[in-house]
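Residue-level listing of the chains:
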Amino acid sequence: MTLRFRRPEAHAGDLIFSWVLRGAAMGLPALLFSIAFFLFQRAEPAIAKFGWGFFTGSVWDPVQENFGALPAIYGTIVSSFLALLLAAPLSIGTALLLTEVLPRRLASAVGFLVEMLAAVPSVVYGLWGIFVLVPWLRQSLEPALARNLGWIPLFSGPPYGVGMLAAAIILAIMIAPTITSIAREVFRAIPRQQREAALALGATRWETMRLAVLRSGKAGVFGAAILGLGRALGETMAVTMVIGNRPSISASLLEPAQTLSSVLANEYAEAASDLHLAALVEIGLALFAVTFAVNAFARLFLWRRTLGRSAR
Amino acid sequence: MTTTSPFLLETRGLSAWFGNAQAVKPTTLGCAANTVTAIIGPSGCGKSTFLRCLNRLHEEVPGARAQGEVFLENGPVYGPGVDPVAVRRKIGMVFQKPNPFPALSILENTVVGLRLAGVRRKNVLRELAERSLRLAALWDEVKDKLDQPGMSLSGGQQQRLCIARALAVEPRVLLMDEPTSALDPVSTARIEELVTELKKEVTVVIVTHNMQQAARISDRTAFFLLGEVVEFGETSRLFTNPVDPRTERYITGRFG
């Protein structure tokens, strides 16, 4: 006699459960596509009217219905990369301090506080920017920069306080916790034996960090930085509050500027015409595409270089 | 205190702790120049910790500390004014698991210690790399692919690369912490052969859980049990005619 087992599909509960899971698993990616589709659809009038000129035009004039997104694209890219430039050394240094230098207890306390920085709402950073950072920039840092380095176009012009520099500094503070905590995980994943190998060869503490930690973790830290960049590109509220919102491209970091997200936040509520609305949605589409690409790149990179290796 | 002793490396009352747990009880033993000293004993008997005290690596573990005296060529290894970094340049180490630096090539791995010591000239580094790789019996296998990552080698080759890396800075002593426990029998045999060769260049202290290995390659053997040296003497004598009944029980496989 042969034993017969009931096939798993025969259980109604299993069947339902598996379909619920399937639905949930398909739902989120489907949502992503539906957002992209929605953006395309709503931006269609602007896409039809301006074509690629939308991304190269530098005039943004809702009254004349002439829309060019170049200043916003420029502002987004410059403010985000500048933020990354400021945040990366700070974050990598902090991550090294947390994993390599501080005793474990103190490190977890400091690490906790750093992660709490990531929990501060964007609008609160914006308020701090308006009431603390911007006045300081206007009264202290920017005049000093203009006095000493004013001959470089980067630091020329009147000190407004609000502007590209203020936005970049706020963004740097906001992405530093992200980069720090990922870099910290990357450094933690490096086996103790690597550090001991360096120490046993007569490496000093700093040399051990450089040789066994930084060099081995280079790829992961790069991924962390790109994730931080992705966050900076999309950040809206705080940037809108301190960047000055002027649709122009200026070489000077002291000048007001705008970003893709700040244009959207500022103008969406008072969009005057259908074309204006479509142009704003196309800005949203551009932002969606850029942040999607940057984040996808960073995730793939991190996954391949760190998770992929430790899993082996 | 500095006295002249017949030993190249010597410990006097060396003990070690992890927090409040004593891992090594006061231990006094000496290794003559150009000999191989094996340290055997069951897992957790403190033999690795003892070894790691010799190049002051033990103290790098949070909460760990060591007490007592260690002398290298009659100079103190512990004490105020002794820089552990300088000690570790003279006392090299090879670990249980091969640990070449993943971001570095075979050549870079070999000379990384020299670089740390300040050697910069390319041709000098290259020459010393060849010398160390030959000493580690790896040269013929890697001479055509020095620029490939150290991780691309097999486990046994990686371990010999680590030996070359340790030898490049011309240490006086080479500490080996179960260097073959992660390797296959053929690679193990090659490393054992190598250790016997290396005796001409350095003084070797090797921790092993493999008694046959200790018997094959060492001149003297120390048997550790529960953090203390039960017996220390000529390897041939210790394995054939142990004095302490605990040593006899261990080497005949009745515990451990």
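Only a predicted model underlies this, so the values are computations on that prediction, with no experimental measurement involved.

So, helix α9 (residues 218-234) of chain A
Piece 1. Taking 1.5 Å of rise per residue, the 17 residues of α9 of chain A would be expected to cover 24 Å, and the 25 Å separating its terminal C-alpha atoms lies within 8% of that figure.
Piece 2. With 13 of its 17 residues buried, α9 of chain A lies for the most part within the structure.

Things to note about the layout of surface pockets
Piece 1. Reported here for the second largest pocket is a volume of approximately 840 Å³.
Piece 2. Forming the walls of the second largest pocket are 29 residues, and the residues nearest its centre are Thr 99, Glu 100, Val 101 and Arg 192 of chain A together with Pro 62 of chain B.
Piece 3. Mapped onto the lining of the second largest pocket, the elements with two or more residues apiece are α3 (70-101), α4 (104-117), α6 (164-188), α7 (192-200) and α8 (205-214) of chain A together with α2 (84-90) of chain B.
Piece 4. Among the elements that line the lining of the second largest pocket, the one with the most residues is α3 of chain A, at 4 residues.
Piece 5. Among the residues forming the lining of the second largest pocket, the class breakdown is 15 nonpolar, 4 polar and 10 charged.

Let's talk about the sheet that holds strand β10 (residues 228-234) of chain B
Residue and element names in this part refer to chain B.
Piece 1. In spatial order, the strands read β6-β7-β8-β3-β9-β10; together these 6 strands make up an open sheet with mixed pairing. Of all strands in the sheet, those bounded by a partner on one side alone are β6 (91-94) and β10. Adjacent strand axes in the sheet meet at a mean angle of 15° when their direction is disregarded.
Piece 2. As judged from the 5 bridges shared by strand β7 (residues 173-177) and strand β8 (residues 203-207), these two strands associate in the parallel manner. The partner of Asp 177 across the bridge, within β8, is Val 207.
Piece 3. In this fold helix α6 (residues 155-168) packs onto β6 and β7, with an angle of close to 170° to the strand it touches most, β6.

As for empty space enclosed by the protein
Piece 1. Per the stated rule, a full pass over the model turns up 1 cavity of 30 Å³ or more.
Piece 2. Taken as a whole, the largest cavity holds about 40 Å³ of empty space.
Piece 3. Lining the largest cavity, in full, are Ala 197, Ala 200 and Leu 201 of chain A together with Gly 92, Met 93, Phe 95, Cys 162, Arg 165 and Ala 166 of chain B.
Piece 4. Residue assignment for the lining of the largest cavity shows that the elements contributing at least two residues are α7 of chain A together with β6 and α6 of chain B.
Piece 5. Counting residues per element, the lining of the largest cavity draws most heavily on α6 of chain B, at 3 residues.

Regarding the sheet that holds strand β1 (residues 9-18) of chain B
Residues and elements named next belong to chain B.
Piece 1. If you walk across this open sheet you meet the 4 strands as β2-β1-β4-β5, and the pairing is antiparallel. Here the strands that pair on one side only, and so sit at the sheet edges, are β2 (21-31) and β5 (75-76).
Piece 2. The sheet contact formed by β1 and strand β4 (residues 64-72) spans 8 bridges and is antiparallel. Opposite Phe 18, over in β4, you have Ala 64 as the bridge partner.

Here's the deal with the nonpolar core
Piece 1. Leu 165, Ile 175 and Phe 187 of chain A are the most contacted members of the largest nonpolar core, which has 50 residues in total.
Piece 2. Contributions of two or more residues to this core are made by α3, α5 (122-149), α6, α8, α9, α10 (237-242) and α12 (274-311) of chain A.
Piece 3. Considering every element that reaches this core, the biggest residue donor is α6 of chain A, with 17 residues.
Piece 4. With residues up to four places along the chain from it excluded, the contact list for Phe 187 of chain A reads Ile 92, Ala 95, Leu 96, Thr 99, Glu 100, Arg 195, Val 213, Leu 214 and Val 221 of chain A.
Piece 5. The next biggest cluster of nonpolar side chains, apart from the first, holds 42 residues, and it includes Leu 125, Leu 138, Leu 225 and Tyr 250 of chain B.

Scoring rules and cut-offs
Residues numbered from 1 in each chain as written. Chains lettered and ligands numbered in written order. Predicted model: local features only at pLDDT ≥ 70, side-chain atom pairs only at ≥ 80, totals over all residues. Heavy atoms only, no water. Helix = DSSP H or I, 4+ residues; strand = E, 2+ residues; numbered from the N terminus. Expected span 1.5 Å × (residues − 1). Buried < 20%, exposed > 50% of the residue type's maximum accessible area, 1.4 Å probe, protein only. 1 Å grid on protein atoms, 1.4 Å probe; cavity = no way out; pocket = protein on both sides within 12 Å on 5 of 7 lines; lining within 4 Å. Points joined across faces, edges and corners; volume = space filled by probe spheres on them. Nonpolar A, V, L, I, M, F, W, Y, C, P; charged D, E, K, R; others polar. Pairing = 2+ DSSP bridges. Axes fitted to C-alpha atoms, helices over the stretch in contact; angles between N-to-C directions. Contact = heavy atoms within 4.5 Å. Core = buried A, V, L, I, M, F, W, Y, C linked by side-chain atoms within 4.5 Å.

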